[in-house]
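A look at the structure
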Amino acid sequence: MDIKTGSTAKLEIDGKVHELAVIEGTEHERAIDIASLRSSTGCITLDDGYGNTGSCQSAITFIDGEKGILRYRGIPVAEMAEKSSYVETAYLLIYGHLPRKSELQRFSKMLTQNENLHEDMKYHFEGFPSQAHPMAILSAMINASSCFYPGQMQRPTRDVFDEQAARLISQVRTIAAFSYRKSRGLPIIYPKPSYKYTENLLHMLFSDVYEDYELRPEVVRALDTIFILHADHEQNCSTSTVRMVASAQANLFASAAAGVCALWGPLHGGANQWVIEMLSDIHSSGDDGSRFIKAAKDKNSGKRLMGFGHRVYRNYDPRARIIKETCDTLLKTLNISDPLLDIAHRMEEAALSDPYFIERKLYPNVDFYSGIILRALRIPTEMFTVIFAIGRMAGWIANFKEILDDPKGRIYRPRQVYTGATLTSYVPMGARGE
Ligand code: CMC
């Protein structure tokens, strides 16, 4: 809840002074409340790309980009990565507190009860071309799933929200695995009720009909850590999209499907796939990374150092630090030597001592090392952003719930400064020239 500071900001427009309330969040972030600006002054604020716009008040995740802090419901992400599981993290984000034992048991049971897709949904997978990108399948199938269960087409009421949220968290994993199996022409493997969340995903991805995939604890833990680290990140592009769609009172599945589409972009979650493509290109061209860094600094090259930079972090992304450690440990444990990891280390070192990156405060982000872990887990590159989406589902649902629970919620509807043609008349075809 915001705190009214009692301070005001004064804005002078055409000689007239307007007073605007200054509000403060629980971590002392201050904001000028401009909600009544247009009605009192006729002006709107303009902030291309929303770099300075608070679109909502939220109690889920706190980021201090200057200090490199990320907390879920107040708990540092590093603590969650060390001590928690993805399922517990999802509960924390959605319901606002760490679950008691009975609450976690109930939540886990609901995930298990909802892990299988409606049988008829299986036929939809056959309609996609074999090379379809799994992110396209994921968003389409999440949206389609609202048609398969009574009541899911409407915005959920609080009494059905829990079950719908559990279904979505559980089934996103099943859809992801089925889309992968379909793209490889492999028979579908159903989830096993005895397996935990992340074990089950690995099972559905990699088991054979005649032999179960061997679940190594360090592999399961590494993937679970990735899910925890991706679980929420306040008002990023996909989460804002989910909130935007939810604000129109669209249902949970339509809102989440929109989030998947936004996440797919290479500047957002899609970057984890592009980091590996970039590192592979560097490797195959015989570059040690320095040629690519030079190109990334040249605005005309059309290249960016993927996995570097962040709108909010002007410091090392705390998730990247944990992912890097997880990556180094995992590869050592599995005895994997990946030349792409060596290139990544070299590039990070070079970039962090290069004035271009230093001046712009560009550090590795969550995507820089996550792809190397996913490669070590044998997850194919085109599935990387899907893995991000599975983790982020918790945050999207938590944000959806904030909209659902807000009795004063209004539809999100930004304004614009129009720069097009002024009043003009329709010209008949014959008068338009050849
Ligand atoms: N490589 C080279 N230059 C960069 C990079 C980069 N990765 N990122 C930013 N810059 C430069 C940019 O050209 C600009 O330079 P100048 O001031 O000379 O014009 C300056 O740094 C500021 O960049 P910006 O584009 O204004 O920053 P932004 O906040 O709009 O964009 C970003 C943030 C993440 C989209 C951008 O840093 C980027 O494209 N990074 C690569 C893609 C990537 O790794 N995305 C994953 C983000 S983390 C996962 C997630 O949450 O989505």
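See above for the structure.
Presented here is a report on the structure given in the accompanying data block. (Residues numbered from 1 in each chain as written. Predicted model: local features only at pLDDT ≥ 70, side-chain atom pairs only at ≥ 80, totals over all residues. Heavy atoms only, no water.)

1. Some words on the sheet that holds strand E4 (residues 61-64)
Put simply, the rule reads: Pairing between strands is defined by DSSP: at least two bridges between them are needed. Each helix corresponds to a stretch of at least 4 residues labelled H or I by DSSP, and each strand to a stretch of at least 2 residues labelled E; elements are numbered beginning at the N terminus.
In spatial order, the strands read E4-E5-E6; together these three strands make up an open sheet with antiparallel pairing. Only two strands of the sheet have a single partner each, and these edge strands are E4 and strand E6 (75-76). Summarising the sheet, E4 and strand E5 (residues 69-72) pair through four bridges and their orientation is antiparallel. The partner of Phe62 across the bridge, within E5, is Arg71.

2. As for the nonpolar core
Our working rule: To qualify as a nonpolar core, a set must consist of buried Ala, Val, Leu, Ile, Met, Phe, Trp, Tyr and Cys residues joined through side-chain atoms within 4.5 Å. Working definition: with a 1.4 Å probe on protein chains only, accessible area under 20% of the residue-type maximum means buried, over 50% means exposed, and in between means partly exposed.
Membership of the largest hydrophobic core comes to 119 residues, with the highest contact counts inside it found for Tyr86, Leu138, Ile142, Leu279, Met347 and Ile379. Top element by residues in this core is helix H18 (residues 384-404). It accounts for 14 residues.

3. Side note on the packing of aromatic side chains
Using the following cut-off: Think of it this way: a Phe, Tyr or Trp ring, Trp meaning its six-membered ring, pairs with another when their centres are within 6.5 Å, and the plane angle makes it stacked under 30 degrees, edge-to-face over 60, tilted otherwise. Here, a charge over a ring is recorded when the distance from Lys NZ or Arg CZ to the ring centre is within 6 Å and its angle to the ring normal is within 35 degrees.
Under the counting rule described, the total for this entry stands at 15 aromatic pairs. Judged by centre distance (6.3 Å) and plane angle (55 degrees), the ring pair of Tyr316 and Tyr363 falls under tilted. Taken together, the residues span a long stretch of sequence, with Tyr316 in the loop between helix H13 (290-297) and helix H14 (318-333) and Tyr363 in the loop between helix H16 (355-359) and helix H17 (367-376) at a distance of 47 residues. For Tyr316, a relative accessible area of 9% puts it in the buried group. Residue Tyr363 is classed as partly exposed on the basis of its relative accessible area of 28%. An angle of 85 degrees between the planes, with centres 5.1 Å apart, marks the rings of Phe368 and Tyr369 as edge-to-face. Judged by relative accessible area, Phe368 falls into the buried class, the value being 0%. Looking at Tyr369, the relative accessible area reads 0%, which means it is buried. Through a chain of ring-to-ring contacts, three or more aromatic side chains come together here, namely Phe308, Tyr356, Phe357, Phe368 and Tyr369. The ring of Tyr316 is capped by Arg321, whose NZ or CZ atom sits 4.6 Å from the centre of that ring.

4. Remarks on the pattern of salt bridges
The following threshold applies: By convention in these notes, a salt bridge is any Lys or Arg side-chain nitrogen within 4 Å of a carboxyl oxygen on Asp or Glu.
Scanning all chains against the criterion turns up 22 salt bridges. Notably, a salt bridge pairs Asp162 with Arg106, separated by 3.9 Å at the nearest N-O pair. Of the two residues, Asp162 sits in helix H7 (residues 158-183) while Arg106 sits in helix H4 (residues 101-113), which places them 56 residues apart along the sequence. Glu348 is the partner of Lys324 in a salt bridge, and the nearest nitrogen-oxygen pair spans 3.2 Å. Taken together, the positions of Lys324 in helix H14 and Glu348 in helix H15 (residues 339-352) put the pair 24 residues apart, joining distant regions of the chain. A residue is classified by how much of its surface remains accessible, and Lys324, at 23% relative accessible area, is partly exposed. Salt bridges sharing common partners tie together Arg106, Arg158, Asp162, Lys401 and Asp405.

5. Some points on helix H9 (residues 217-230)
Which entries qualify depends on this criterion: Helices are assigned an expected span. That span is 1.5 Å times one less than the residue count.
Given a rise of 1.5 Å per residue, 14 residues ought to cover 20 Å, and the 20 Å separating the end C-alpha atoms of H9 matches this to within 8%. Burial analysis of H9 places 11 of its 14 residues in the buried class, which makes it a mostly covered element. Burial in H9 covers these residues: Val219, Val220, Ala222, Leu223, Asp224, Thr225, Ile226, Phe227, Ile228, Leu229 and His230.

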